[in-house]
Amino acid sequence: MDADSLLLSLELASGSGQGLSPDRRASLLTSLMLVKRDYRYDRVLFWGRILGLVADYYIAQGLSEDQLAPRKTLYSLNCTEWSLLPPATEEMVAQSSVVKGRFMGDPSYEYEHTELQKVNEGDKVFEEEIVIDKAVAIIPRGALFKTPFGPTHVNRTFEGLSLSEAKKLSSYFHFREPVELKNKTLLEKADLDPSLDFMDSLEHDIPKGSWSIQMERGNALVVLRSLLWPGLTFYHAPRTKHYGYIYVGTGEKNMDLPFML
Amino acid sequence: MEDSTSPKQEKENQEKLGEARRSWEGKTAASPQYSEPESSEPLEAKQGPETGRQSRSSRPWSPQSRARTPLGGPAGPETSSPAPLSRREPSSTPSPPAPARQDLAAPPQSHRTTSAIPEAGTPYPDPLEQSSDKRESVPLHTSQSERNTFQQSQQPKPHPCGPRDVSYNNAKQKELRFDVFQEADSNSDCDLQLPAPGGSEGAPSMLETAIQNAKAYLLKTSSKSGFNLYDHLSNMLTKILNERPENAVDIFENISQDVKMAHFSKKFDALHNENEMLPTYEIAEKQKALFLQGHLEGVDQELEDEIAENALPNVMESAFYFEQAGVGLGTDETYRIFLALKQLTDTHPIQRCRFWGKILGLEMNYIVAEVEFREGEDEEEVEEEDVAEERDNGESEADEDEEDELPKSFYKAPQAIPKEESRTGANKYVYFVCNEPGRPWVKLPPVIPAQIVIARKIKKFFTGRLDAPVISYPPFPGNESNYLRAQIARISAGTHVSPLGFYQFGEEEGEEEEEVEGGQNSFEENPDFEGIQVIDLVESLSNWVHHVQHILSQGRCNWFNSIQKNEEEEEEGEEEDEEKEEPDYIEQEVGPPLLTPISEDLEIQNIPPWTTRLSSNLIPQYAIAVLQSNLWPGACAFSNGKKFENFYIGWGHKYSPDNYTPPVPPPVYQEYPSGPEITEMDDPSVEEEQAFRAAQEAVLLAAENEESEEDEDEEDDYD
């Protein structure tokens, strides 16, 4: 969620139950402002909170002008001091995916794995966050548009989805570089608007049904929750510009999803 | 010639253009001035016959519609349009000012003046399809300003034909768009015909032609959408000038799209929005009813009664504390739930009520209230004792009359364990759920041990509809309401904790350790509870105790010995003898007794079962202790030393670090008991057969020998 509209966003996303305590909220507001200035980001998003056994990690992302460029990730333990997470390498990604279980809450904690590889928790946090972000960060259709020169911009004339559009999964896109777009048939591509439909839509996600879409507050708010990564909540108030997502959870994938549907 | 006429024209122009004259017209008219007369004349000559049909100078404004529109555009029927201009054939003369013309295309087009100005200016009746009001004010402004600028840059050509067009201030649609050209034509015409006012203006020059061609192109309607670029651009510019967004050039394309979309939206206004907003209004109405319920009854008397015996907990206070912990729904949502709970307590005879939590579902969520009815007011529903656990043993009786007895099933279903009575064990509280505050509360049925046992083995999402079937293996006995109730029971048993000493056992008998019923059931609040330091609560888990009974693996809290009942039923039974395979003695299951500290809880693979935290590190003196369960993610408890509360919000499932594996079906039951009759044996090999035959023959021989001996003996006797 955008750091600029943090309070409203937290209020709207509160339907999932997990939010932030007032002191965290207050410190977030100030510290994110400073982060934006120091790192010169165009936009700072508060990504969410990963619950650890001892302490929680608060994660923020910084975006540059091009919305689809790789985002910088920052973490903090107390919402006041933020540190950049180091970029990940392939092997670290592979390693962290093997280590299962909850996060401790201590960035220097080392996981031991049977293959005698120690994985630093800091890296693991980063990996998880990247993985989750790639998997489930969402944007409503029309919020970003692509210019012919390449960079994607925030669409300032985005007025929100209409109610009927808001209930369909196809109006939401993954907030990342498209993966499946090229696999579409020409027939499908003919209906797409290249300036708006340049990301993967949610409706082809596997497994089908891994998103729960609900209207809350009597149709005034549409909430999408991911069932594959429980804890990811996306909210959007139809016909307004407010949308955002937040992740509050343990950082673990729900591998039992096929059994649970 | 043109030079000579130009100053005159200028003067006249300025007069006429004082009002609503479009400069482009001047431009197009002016073009002939610049282009060579020779070249223009042949053009004009061409146009001559074209314009032949046009209104002549005599009656230049006689309405004629240009049925002939070579550049497309379905300008059809005649109407009282101003002298329609014929489109010129697109000539190949590009003119530099042509692009400049296009800029001005907008204001002229959008300019609509209804005031007939008979004199100078030619207010062009705006032949626009889409009548957007906003265009009227601004374009007028802009056109004027632009006109002014243009007057300086070019010499607009006044012509007597101007006044002619004045009278055609009507909103004729597409045809009028051609006014532009027609005017130019007529301008040129009147120049041809009426040399008087401005002298012979001169044939339309190449520039003018080009401009007119360009404009004609702009006015060309799209075959797909019925728009044309001219109108679209004018709309867009209008919108931009109205709204004045920042960096408009960067979002130009988006504005373009919006304008196009806006063209269509009005038609659907009446129909679409109604349907969409209906559910919103419904819910709002229901929630409004919540707010009004107080007023309907209220007088002072009622108020006192309410304050006196209030079964309602202070939800807002608990919500405040939970918010410190970072858990909870938003404030206004909580307030609505508060009101819904109040409604619940008003309609049912409830002694105590608590907001248990919220369970998320796929389509809808559940808001759960934990309720304790008043003594004696328990609403007992006549439930069908669904002791459907007993399989049908009657299948064995089916074909008994036949000679070959079919194998009888020796399977005897385990004795169904009866559910616990209300107010005891897992059914201590009654639970009500609703999907949203404002909707009616539904009571959940009491839980049966079998349901708990199976709920432990399956893991399913809730859909949000209470009557949804739960399709799983092992098959769940019940639908979603039963599953929900079972999960609620499990969560309560696993995560409802309180500070040590808050509750104590009621009677003294409880101190004797009797193993009969497996633990005390009753507890009550300790009036002498003095509170525990928050720090202590955070540091040590032994300061918290469970105050809900643990559920045994049987599915009940109090052990039920099914053996005794079995013996009773044997007398009625038609079973066979072999059922005695059941063990005669089942171990009594024992669970941790009530009020056990949670430090005794089992770990989950090296993960402690609870996480404790202070709500705030910055101001520790007012912080509260927060306890979050790792076993049931979403379960939370807080205490500030004196007060405590439990809450759950989540999907309703237990946490397990390993993946869920569904239980395997049991092995297939043996049909026939193994015995010699049906046991397969190998066919004898050749050697065995021969040996057997040899043995048989030997026996026969021996028998014969004996007979022969006997015969011989007999014969001897006879001798």
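Residues numbered from 1 in each chain as written. Chains lettered and ligands numbered in written order. Predicted model: local features only at pLDDT ≥ 70, side-chain atom pairs only at ≥ 80, totals over all residues. Heavy atoms only, no water.

Caption draft 1: Spatial organisation of the overall build of chain B. Looking only at helices and strands, one finds 20 helices and 12 strands in chain B. Sorting the 719 residues of chain B into buried and exposed places 46% on the buried side. Across chain B, contacts joining residues at least 24 apart in sequence account for 72% of those joining residues at least 6 apart. Surface accessibility of chain B: about 38700 Å² in total, with carbon and sulfur atoms responsible for 51%. (Helix = DSSP H or I, 4+ residues; strand = E, 2+ residues; numbered from the N terminus. Buried < 20%, exposed > 50% of the residue type's maximum accessible area, 1.4 Å probe, protein only. Contact = heavy atoms within 4.5 Å. Areas by Shrake-Rupley, 256 points an atom, 1.4 Å probe, with all protein chains shown as cover.)

Caption draft 2: Expanded view of the packing of helix α14 (residues 315-325) of chain B against helix α15 (residues 331-347) of chain B. All names here are of chain B. Axis separation between α14 and α15 bottoms out at 9 Å; the angle between their running directions is 150°. Classified by the angle their axes make, α14 and α15 are roughly antiparallel. Both α14 and α15 take part in a crossing whose hand is right-handed. Taken together, the residues of α15 that come into contact with α14 (itself represented by Val315, Met316 and Ala319) are Thr331, Thr334, Tyr335, Phe338 and Leu341. Residue classes in the contact of α14 with α15 are distributed as six nonpolar, two polar and no charged. (Axes fitted to C-alpha atoms, helices over the stretch in contact; angles between N-to-C directions. Parallel < 35°, antiparallel > 145°, perpendicular 65-115°, else oblique. Left-handed = near helix turned anticlockwise from the far one by under 90°. Nonpolar A, V, L, I, M, F, W, Y, C, P; charged D, E, K, R; others polar.)

Caption draft 3: View of the sheet that holds strand β12 (residues 221-226) of chain A. All names here are of chain A. Here we have eight strands laid out as an open sheet, ordered β4-β3-β2-β1-β14-β13-β12-β11, and mixed in their pairing. Only two strands of the sheet have a single partner each, and these edge strands are β4 (83-84) and β11 (211-216). Both strand β13 (residues 232-236) and strand β14 (residues 243-249) contribute to a ladder of five bridges, which runs antiparallel. Each residue of the ladder has a partner; that of leucine 232, found in β14, is tyrosine 247. Sitting on the sheet, helix α2 (residues 22-39) touches β1 (43-50), β2 (57-63), β3 (72-76) and β4, and the angle it makes with β1 is about 135°. (Pairing = 2+ DSSP bridges.)

Caption draft 4: Structural view of the interface of chain A and chain B. On the side of chain B, 52 residues touch chain A, which itself brings 51 residues to the contact. Summed over both sides, the interface between chain A and chain B buries roughly 4100 Å², with carbon and sulfur atoms accounting for 46% of that surface. Considering only the side of chain A, the residues that lose the most area to chain B are Arg156, Phe259 and Met260 of chain A, jointly responsible for 15% of the buried surface there. Joining chain A to chain B, the criterion identifies four salt bridges. One salt bridge in this structure joins lysine 459 of chain B and aspartate 256 of chain A, with 2.7 Å as the shortest N-O distance. Linking chain A to chain B there are 18 residue pairs in polar contact (both at pLDDT 80 or more). Of the residues in the side of chain A that touches chain B, the class split is 16 nonpolar, 20 polar and 15 charged. (Buried area = accessible area lost by both parts, 1.4 Å probe. Salt bridge = Lys/Arg side-chain N within 4 Å of Asp/Glu carboxyl O. Polar contact = N/O pair within 3.5 Å; in protein donor to acceptor, adjacent residues only side chain to side chain.)

Caption draft 5: Structural detail: helix α9 (residues 206-218) of chain B. All names here are of chain B. The first and last C-alpha atoms of α9 sit 18 Å apart over 13 residues, in line with the 18 Å expected at 1.5 Å per residue. Among the 13 residues that make up α9, 11 are buried, leaving the element largely enclosed by the rest of the structure. Listing the buried residues of α9 in full gives Leu207, Glu208, Thr209, Ala210, Ile211, Gln212, Asn213, Ala214, Lys215, Ala216 and Leu218. (Expected span 1.5 Å × (residues − 1).)

Caption draft 6: A look at the pattern of salt bridges. Following the criterion strictly, the structure yields 21 salt bridges over all chains and no others. Between arginine 37 of chain A and aspartate 38 of chain A there is a salt bridge whose closest N-O contact spans 3.0 Å. Here glutamate 372 of chain B ties to arginine 352 of chain B by a salt bridge, and the two come within 3.1 Å at their closest N and O atoms. Placement of glutamate 372 of chain B in strand β2 (residues 366-373) and of arginine 352 of chain B in strand β1 (residues 350-359) is noted, with a sequence separation of 20 residues between them. Judged by its relative accessible area of 13%, glutamate 372 of chain B falls in the buried class. The class of arginine 352 of chain B is partly exposed, set by a relative accessible area of 46%. What you see here is one network of salt bridges that share partners, running through Arg49 and Asp56 of chain A together with Arg613 of chain B.

Caption draft 7: How the structure looks around the sheet that holds strand β3 (residues 430-434) of chain B. Residues and elements named next belong to chain B. Strand order in this open sheet of eight strands is β4-β3-β2-β1-β12-β11-β10-β9, and the pairing throughout is mixed. Strands at the two margins of the open sheet, each flanked by one partner only, are β4 (442-443) and β9 (610-614). Pairing between strand β11 (residues 635-639) and strand β12 (residues 644-650): five bridges, direction antiparallel. Its bridge partner lying in β12, serine 639 is registered against phenylalanine 644.

Caption draft 8: Unusual backbone geometry, seen in detail. Residue and element names in this part refer to chain B. A cis amide bond, omega -5°, links tyrosine 473 with the succeeding residue proline 474. Assignment of secondary structure puts proline 474 in the loop between α16 (449-455) and α17 (480-495). Backbone geometry at asparagine 247 places phi at a positive 50°, although glycine is not the residue there. Within the secondary structure, asparagine 247 is located in the loop between α10 (229-243) and α11 (252-265).

Caption draft 9: Spatial organisation of the pairing of β2 of chain B. Residues and elements named next belong to chain B. Taking burial as the measure, the eight residues of β2 include eight buried ones, the bulk of the element. Burial along β2 is two-sided: the residues Tyr366, Val368, Glu370 and Glu372 and Ile367, Ala369, Val371 and Phe373 are all buried. The turn linking β1 back onto β2 is made up of six residues. By the bridge criterion, five bridges tie β2 to β3 in an arrangement that is antiparallel. Its bridge partner lying in β3, valine 371 is registered against valine 430.

Caption draft 10: Focus on the confidence of the model for chain A. Averaged over every residue, the pLDDT of chain A is 81; the share at 70 or more is 90%. The spread of mean pLDDT over the elements of chain A runs between strand β6 (residues 118-120) of chain A, the lowest at 66, and β13 of chain A, the highest at 90. (pLDDT = per-residue confidence, 0-100.)

Caption draft 11: Spatial organisation of a nonpolar patch on the surface. All names here are of chain B. On the surface, a nonpolar cluster with roughly 350 Å² of combined accessible area is contributed by Tyr217, Leu229, Leu233 and Phe252. Relative to the helices and strands, tyrosine 217 is located in helix α9. Judged by its relative accessible area of 52%, tyrosine 217 falls in the exposed class. (Patch = residues over 30% accessible without salt bridge, like charges linked within 9 Å, V, L, I, M, F, W, Y side chains within 5 Å.)

Caption draft 12: Geometry of the nonpolar core. Core analysis: the largest hydrophobic core is formed by 45 residues, its most contacted members being Tyr172, Phe175, Leu224 and Tyr245 of chain A. The next biggest cluster of nonpolar side chains, apart from the first, holds 32 residues, and it includes Leu312, Ile337, Leu344 and Cys434 of chain B. (Core = buried A, V, L, I, M, F, W, Y, C linked by side-chain atoms within 4.5 Å.)

Caption draft 13: Region of interest: the packing of aromatic side chains. Residues and elements named next belong to chain B. A complete count under the given rule lists 23 aromatic pairs over all chains for this structure. Arranged with centres 6.4 Å apart and planes meeting at 20°, the rings of phenylalanine 291 and tyrosine 335 form a pair that is stacked. Of this pair, phenylalanine 291 sits in helix α12 (residues 269-297) while tyrosine 335 sits in helix α15; the two residues are 44 residues apart in sequence, bridging distant segments of the chain. Assessed through its relative accessible area of 42%, phenylalanine 291 is described here as partly exposed. Accessibility expressed as a relative area gives 37% for tyrosine 335, which makes it partly exposed. (Phe/Tyr/Trp six-rings, centres within 6.5 Å; stacked < 30°, edge-to-face > 60°.)

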